[in-house]
Number of protein chains: 2
Amino acid sequence: MVTAGGQAQNQDSRDEILKAAIRLFATRGFHETSMSEVAREAKVSKALIFWHFKTKEDLFLAVLNKLLEPYVIDFAEESEKLDAREQIRKLIGGYVNFVRENASSVSFFLRRFMSGEEMPEAFTEQIRRLYDLYKALLTDRIRLGQEKGLCARSNQPEVLADFVMAALNGLLINLLFMSQAPFDLDSALAMLYRLLFGDVPGAAPQAEPAAH
Amino acid sequence: MVTAGGQAQNQDSRDEILKAAIRLFATRGFHETSMSEVAREAKVSKALIFWHFKTKEDLFLAVLNKLLEPYVIDFAEESEKLDAREQIRKLIGGYVNFVRENASSVSFFLRRFMSGEEMPEAFTEQIRRLYDLYKALLTDRIRLGQEKGLCARSNQPEVLADFVMAALNGLLINLLFMSQAPFDLDSALAMLYRLLFGDVPGAAPQAEPAAH
DNA sequence: GTTGCCATTGACCGACGGGTTAGGGATGGG
DNA sequence: CCCATCCCTAACCCGTCGGTCAATGGCAAC
């Protein structure tokens, strides 16, 4: 039998190592983080890390897995009754919130991704699929909105979605990495909405009392 | 007297080393690039590198300097006669072109910047100043455009400029790092212009302030 | 020819990297 | 009590790192 105490200790130290590794990998990157540092940060011996994880890559994979846990999309089910405009708003708001809430791991993945440091195909694949899924959702809702006359028909849905995604990414990168010189995210989102829905004050219960 | 041949050889090998270092630093990053690799790539001995550059940091600084050389802004002088709208178009076009033409070094700096890997203050400072200058220019032209009724007054100039910059950055990051799944940059720019200048394709000023 | 400087090299160094190994305490089953 | 198994560690291995150094070929000046 496996001892409950031993098991718990096992998981304890493993978690401690993982937490330390996440911290270090996220702030310093893979190559710049040494196993000795992880050991020191986790207050265990280096050998114990290699007992839990066969290799440094292995530890990295475990970190990636842990970081990927919250990456789920949960929209759409209960929002069937909203009109296309509100659904799009909800999608965009969800994207922004997600990035905000997972700021550290998002910037971590973003960094890996941009630096071309190769990650196992499975992970980039999963992230890409999520991103593409999101874009597809957005494109679809935009198309729907256009059909119902709620959405600007200035461009094809794909082009609009591409632009919205790019703008969002730019805004969020601003938010994540240029912490100084903050900007007005709400106004920016309002501009995106205006671009999507036209200047019609529509169902938007927001400021700008232009019609007074 | 200094021998012309020696001098030339000196500069030759120095340049060769710099070129190799640029290539390697840009693709693999600072920490992941070893001096031995640079030596191999430049087809010189490692010791020669340390003869030209006291330390690895030194080499890195030289690389940064070389990469920063083309970073200049040359707008605005001969464009005095253009109207605000055209000037804004020119600014945005210039930004896009600049990033495109200096793609490799831009992404290099972007990577350093995002990864928080510290660069000497002077460089981040220079880049930041350039960026801020550009944004100030854009803000100014937008303000001018708004005053002349050529530009949408949906938001304050700063907010508009922030948004435009963020959107541009998002688009360009798309362009730089997501080479697959290309998108329609021209359409995206057109959308930006529409947002800036209103839906009117011509030069007709809309929404006069005197309309009340 | 020799002197002196410059560019360049191979051999070398200590430090640190990822990874291994031999073993030691705890715990539980027989 | 002994043995097996699990966690865990100190010490070690070996390759690579940034960096140094003594030595050398080449070339201009005398």
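Computed from a predicted model, the values in this text were never measured in an experiment.

Quick word on the protein's contact with DNA strand C
- Contacts to DNA strand C come from 19 residues, most closely from M35(A), K46(A), N10(B), S13(B) and W51(B).
- Take the atoms of DNA strand C that sit within 4 Å of the protein: sugar and phosphate atoms are 57% of them.
- Here K56(A) contributes a side-chain N or O atom positioned 2.7 Å from a phosphate oxygen of DNA strand C.
- Here a phosphate oxygen of DNA strand C sits 2.9 Å away from a polar atom, N or O, in the main chain of S45(B).

Focus on the confidence of the model for chain A
Residue and element names in this part refer to chain A.
- Mean pLDDT over chain A: 84, with 85% of residues reaching 70 or higher.
- Across residues 1-6, where pLDDT falls below 50, the model places one contact with residues more than four positions away in sequence or in other chains.
- Within the model, the stretch residues 200-212 combines pLDDT values under 50 with six contacts to residues more than four positions away or in other chains.

Overview of the nonpolar core
- Counting 121 residues, the largest nonpolar core has L59(A), I92(A), F163(A), L59(B), I92(B) and F163(B) as its most contacted members.
- Of all hydrophobic cores here, the second largest spans six residues; its members include I173(A), M114(B), I173(B) and F177(B).

What to know about the relation of the copies chain B and chain A
- For the pair chain B and chain A, the relating rotation is 180°, the translation along its axis is 0.0 Å, and the fit reaches an RMSD of 0.1 Å. Such a combination of turn and shift is consistent with a two-fold rotation axis.
- Comparing contact sets, 100% of the residues at the interface of chain B also lie at the interface in chain A, consistent with an isologous, same-surface contact.

Notes on the packing of helix α6 (residues 103-115) of chain A against helix α8 (residues 157-177) of chain A
Residues and elements named next belong to chain A.
- Across the interface, α6 lies against α8 with an axial gap of 11 Å and an inter-helix angle of 110°. Between α6 and α8, the angle is such that the two are roughly perpendicular. Where α6 crosses over α8, the two elements pack in a sense that is left-handed. Between α6, through A103, V106, S107, L110 and R111, and α8, the contact on the second element is made entirely by I173, L176 and F177.
- Class assignment of the residues belonging to the contact of α6 with α8 gives a composition of six nonpolar, one polar and one charged.

Describing the pattern of salt bridges
All names here are of chain A.
- Scanning all chains against the criterion turns up 18 salt bridges over all chains.
- Notably, a salt bridge pairs D162 with K135, separated by 3.0 Å at the nearest N-O pair. You can see D162 sitting in helix α8 and its partner K135 sitting in helix α7 (residues 121-147), a full 27 residues away along the chain.
- Look at D162 and you get buried, because its relative accessible area is 17%.
- Judged by its relative accessible area of 23%, K135 falls in the partly exposed class.
- Taken together, the shared-partner salt bridges connect D140, R141, R143 and E158 into one network.

Brief notes about unusual backbone geometry
- A positive phi angle, near 55°, is found at K43(A), a position not held by glycine.
- Looking at where K43(A) falls in the secondary structure, it is placed in the loop between α2 (35-42) and α3 (46-52).

Examining α7(A)
All names here are of chain A.
- Counted at 1.5 Å a residue, the expected span for α7 with its 27 residues is 39 Å, and the 38 Å between its end C-alpha atoms agrees.
- Residues of α7 that are buried: F123, Y131, Y134, L137, L138, T139, R141, I142, G145 and Q146.
- Looking at the residues trailing α7, positive phi occurs at G149, about 75°.

Scoring rules and cut-offs
Residues numbered from 1 in each chain as written. Chains lettered and ligands numbered in written order. Predicted model: local features only at pLDDT ≥ 70, side-chain atom pairs only at ≥ 80, totals over all residues. Heavy atoms only, no water. Near = heavy atom within 4 Å. Polar contact = N/O pair within 3.5 Å; in protein donor to acceptor, adjacent residues only side chain to side chain. pLDDT = per-residue confidence, 0-100. Contact = heavy atoms within 4.5 Å. Core = buried A, V, L, I, M, F, W, Y, C linked by side-chain atoms within 4.5 Å. Buried < 20%, exposed > 50% of the residue type's maximum accessible area, 1.4 Å probe, protein only. Least-squares fit on C-alpha atoms with pLDDT ≥ 70 in both. Axes fitted to C-alpha atoms, helices over the stretch in contact; angles between N-to-C directions. Helix = DSSP H or I, 4+ residues; strand = E, 2+ residues; numbered from the N terminus. Parallel < 35°, antiparallel > 145°, perpendicular 65-115°, else oblique. Left-handed = near helix turned anticlockwise from the far one by under 90°. Nonpolar A, V, L, I, M, F, W, Y, C, P; charged D, E, K, R; others polar. Salt bridge = Lys/Arg side-chain N within 4 Å of Asp/Glu carboxyl O. Expected span 1.5 Å × (residues − 1).

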